[in-house]
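# Descriptive analysis of the structure
Residues per chain, in single letters:
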Amino acid sequence: MKISSDMTLKEARDLFYKAHGFPEDGGISKDKWSPIGCRDLKVYLPNFEWRKKAIPYHDLHHILTGYPFCPTGEFQIAAWEFSAGKYPNIFTTLFCIPLVSIGALLIPKKQFLAFVRGTKSQTLYEKQSYEDLLNKTVGEIRDEILPKEAYSASFGDYLNYIKLVLLSFSVIITPFLLIFLIYQGIK
């Protein structure tokens, strides 16, 4: 799939969805269930309102950053999005935060580089309306939200990444810890 800078985001999005076997709207208009997955693996999740609002922007982030639509790319885009700006709500945050610790274990260097790139970027979550974005070119939006110059990690980037990874691990571990504590209390 070749995305060029002179394509509109609508054209690029349509190509992205077609290449990955998703419906024309990425599945957000479905009433109850929407696909999530990479390559041949598709899982259907409840199509909550918060998810319907976040997914279109998240998919545009894949297109704009070039992070692939596969597990590795999801780990990278999660780190990029966390450092580029905040997610639109707590549910989206909780849904995506586990990807950070998984990526830290599986692709630490790639994910850290995506995190650092994100510190110099902006997400689309708080930008103009989705429909307005679709009429702009990929190049225009990349110029608006991605770093234009070379960048390197600062000491603060290392600290902030470590904090994010620790937060991610704690979000994953907390339910298991609570179950363990409840089980110990029942015994």
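This write-up is about the structure you can find in this document. (Residues numbered from 1 in each chain as written. Predicted model: local features only at pLDDT ≥ 70, side-chain atom pairs only at ≥ 80, totals over all residues. Heavy atoms only, no water.)

### So, helix α8 (residues 155–186)
Taking 1.5 Å of rise per residue, the 32 residues of α8 would be expected to cover 46 Å, and the 46 Å separating its terminal C-alpha atoms lies within 8% of that figure. The sharpest bend along α8 comes to roughly 35 degrees, located at Ile-173, with the proline Pro-175 sitting one to four residues further on. Every buried residue belonging to α8 is among Asp-157, Tyr-161, Leu-164, Val-165 and Ser-168, and all of these are buried. (Helix = DSSP H or I, 4+ residues; strand = E, 2+ residues; numbered from the N terminus. Expected span 1.5 Å × (residues − 1). Bend = angle between axes of the 7 residues up to and from the residue. Buried < 20%, exposed > 50% of the residue type's maximum accessible area, 1.4 Å probe, protein only.)

### Considerations on the side chain of Ser-83
You can see Ser-83 is positioned in helix α3 (residues 71–84). Within polar-contact distance, the side chain of Ser-83 engages the backbone oxygen of Phe-115 at 2.6 Å. Among all residues touching Ser-83, those that are not within four sequence positions of it are Ala-114, Phe-115, Gly-118 and Thr-119. (Polar contact = N/O pair within 3.5 Å; in protein donor to acceptor, adjacent residues only side chain to side chain. Contact = heavy atoms within 4.5 Å.)

### Regarding helix α5 (residues 108–119)
Between the first and last C-alpha of α5 there are 17 Å, a value that for 12 residues agrees with the 16 Å anticipated at 1.5 Å per step. Among all positions in α5, only Gln-111, Phe-112, Ala-114, Phe-115, Val-116, Arg-117 and Gly-118 are buried. Elements in contact with the buried residues of α5: α2 (49–65), α3, α4 (90–106) and α8.

### So, the pattern of salt bridges
The final tally for this structure, using the stated rule, is five salt bridges. Two residues, Lys-136 and Glu-144, come together in a salt bridge whose shortest N-O distance is 3.3 Å. A relative accessible area of 22% places Lys-136 in the partly exposed class. Through salt bridges with shared partners, one network takes in Lys-10, Arg-13 and Asp-14. (Salt bridge = Lys/Arg side-chain N within 4 Å of Asp/Glu carboxyl O.)

### Structural notes on the nonpolar core
If you look at the biggest cluster of nonpolar residues, it comprises 41 residues, and the most contacted ones within it are Leu-9, Ile-63, Trp-80, Leu-124 and Val-138. At the level of elements, α1 (9–19), α2, α3, α4, α5, α6 (130–134), α7 (138–145) and α8 are the ones that each hand at least two residues to this core. If you tally residues by element for this core, the top one is α3, at six residues. The contacts of Ile-63, once residues within four sequence positions are left out, are Ile-3, Leu-9, Ala-12, Arg-13, Phe-16, Val-138 and Arg-142. (Core = buried A, V, L, I, M, F, W, Y, C linked by side-chain atoms within 4.5 Å.)

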